[in-house]
Amino acid sequence: MLTYLVKARDKALFIIDEPDIYLHSDLQRQLLGLLRDLGPDILVATHSTEIVTEAEPDDILVIDKKKKRARRIGQPSGLAQVFSALGSNLNPVLTQLAKTRTAVFVEGKDFQILSKFARKLGHRDIANRSQFAVIPIEGFNPERARSLKAGMEATLGVPVQAALILDRDFRSRDECSAISKECESFVEAVIIHPFKEVENALLVPAALDRAAERRVEERNRRASTALAYEPLAKATLESFARATKNHVMSRWLSARYDFDRRQTPGINQATSNERGLGEFEELWADAGGPLRLVQGKEALREINKALQAAYGISVTPTGIVDAMAVADVPEGVTELIGKLVPFAKKHPQ
């Protein structure tokens, strides 16, 4: 199949019908990454939950023979409807868990982005999830991870080793340290992002501009236009950070006070605010600090709003990571993937 695709680089469109039929699940997860690097536009017809999970929601069309037109998913929340439509009784997560006895708990769809970073850094086993099962816990919910792990071990009748990856949100160093210590009692590895949420790792102006420029070039090619892209990511993100600093600071101080009250009931709010403000200003003043602390999802929406207004395009997490050089990958992501590598290679006792 790949041989035909390579030979057809100069073609405008290539259609692949159910490539998953003869592919192992690991290869299914790799397939879309390989196809993105090839030349022609590619349509893939599939019933594979593995391939659907790896795809960007904007790229998924649901075709129902009873309806006159296909429906684009658009939002990640629509994936549940896709899986329901596929009618599969096989739960690939449970199958992978039974095979590996290793789980990585994440918030929501975070691993879809992390897997793209892992592939960029050359860690294909992590990107393909061949050594563990990814279990969403729906938000910052360590207690749910504890309960799920206990339930899995009871069901399988064997120990399950687990890692827990959490967003930092607006939590102070002290609170992150306390959470890590508590979670280490029931999982083998705890990783809290050094940025607000995983989307903050995509806020790399050079990569955003390269991804946008590629989309403009693609639009030019398809529509026979000649738009020239002018970089806007840095200025847009700086403006967004300035506009949201007070909001972020207030959330930071509120989270700090809630934590301090749990640790020291009766603490004076002014004392807590002084501690929180000092740490916040230190982190904000650090190089790249604002882009680690702001709300990443909202910052990406602001970028796409600017791109839509100027060029009628938008960029996706896949496109942004693809546009990154290895040196562009934030240090926090490199460290996170680096911790997952030895964890995934261990085998539960």
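Scroll up to find the structure this text is about.
What counts as what
Residues numbered from 1 in each chain as written. Predicted model: local features only at pLDDT ≥ 70, side-chain atom pairs only at ≥ 80, totals over all residues. Heavy atoms only, no water. Helix = DSSP H or I, 4+ residues; strand = E, 2+ residues; numbered from the N terminus. Buried < 20%, exposed > 50% of the residue type's maximum accessible area, 1.4 Å probe, protein only. Expected span 1.5 Å × (residues − 1). Contact = heavy atoms within 4.5 Å. Core = buried A, V, L, I, M, F, W, Y, C linked by side-chain atoms within 4.5 Å. Salt bridge = Lys/Arg side-chain N within 4 Å of Asp/Glu carboxyl O. Polar contact = N/O pair within 3.5 Å; in protein donor to acceptor, adjacent residues only side chain to side chain. Axes fitted to C-alpha atoms, helices over the stretch in contact; angles between N-to-C directions. Parallel < 35°, antiparallel > 145°, perpendicular 65-115°, else oblique. Left-handed = near helix turned anticlockwise from the far one by under 90°. Nonpolar A, V, L, I, M, F, W, Y, C, P; charged D, E, K, R; others polar. Phe/Tyr/Trp six-rings, centres within 6.5 Å; stacked < 30°, edge-to-face > 60°.

(A) Molecular detail of the overall build of the protein chain. Of regular secondary structure, the protein chain possesses 16 helices and 8 strands. When the 349 residues of the protein chain are sorted by exposure, 46% land in the buried category.

(B) Quick look at helix α14 (residues 296-311). With 16 residues, α14 should reach 22 Å at 1.5 Å per residue; the first-to-last C-alpha distance of 22 Å fits that figure. Its buried side turned inward, α14 meets α10 (205-223), α11 (233-263) and α15 (317-322). Note on α14: the residue one or two positions beyond its end, G312, has a positive phi of about 70°.

(C) Here's a closer look at α10. Helix length check: α10 (19 residues) gives 26 Å between terminal C-alpha atoms against 27 Å at 1.5 Å per residue, within 8%. Of all the positions in α10, only A207, L208, D209, A211, A212, V216 and N220 are classed as buried.

(D) Local environment of the nonpolar core. Residues V104, F111, F117, L307, I320 and L340 are the most contacted members of the largest nonpolar core, which totals 63 residues. If one sorts the elements of this core by residue count, α11 sits on top with 9 residues. Among the nonpolar cores identified, the runner-up in size contains 19 residues, and F105, L166, C183 and V187 belong to it.

(E) Broad picture of the pattern of salt bridges. Within the structure shown, the criterion is met by 23 salt bridges. The residue R261 makes a salt bridge to D258 at a minimum N-O spacing of 3.0 Å. Of this pair, R261 and D258 both sit in helix α11, 3 residues apart, which is roughly one turn of the helix. Across the pair R275 and D260 runs a salt bridge, and its minimum N-O distance is 3.8 Å. Placement of the pair is R275 in helix α12 (residues 269-285) and D260 in helix α11, with a sequence separation of 15 residues.

(F) Just the side chain of K149, in detail. By the secondary structure assignment, K149 is in helix α8 (residues 142-156). Overall, the relative accessible area of 9% leaves K149 in the buried class. Within the structure, the side chain of K149 is placed 3.0 Å from the side chain of E153, a separation counted as a polar contact.

(G) Representation of the packing of α11 against α14. At their nearest, the axes of α11 and α14 sit 10 Å apart, and the two run at 130° to each other. The orientation of α11 relative to α14 falls into the category oblique. Considering the relative orientation of α11 and α14, their crossing is right-handed. Seen from α11, the contacting residues are A233, T236, L237 and F240; seen from α14, they are E298, A299, E302, I303 and A306. Looking at side-chain class alone, the contact of α11 with α14 contains 6 nonpolar, 1 polar and 2 charged residues.

(H) Seen up close, the packing of aromatic side chains. Inspection of the entire model under this criterion finds 4 aromatic pairs. Geometrically, the ring pair formed by Y229 and Y311 is tilted, given 5.1 Å between the ring centres and 45° between the ring planes. Pair noted here: Y229 is in the loop between α10 and α11 and Y311 is in helix α14, with a separation of 82 residues, a long-range link. A single burial state applies to Y229 and to Y311, both of which are buried. When the centroid spacing of 6.0 Å and the interplanar angle of 55° are considered together, the rings of W252 and F280 count as tilted.

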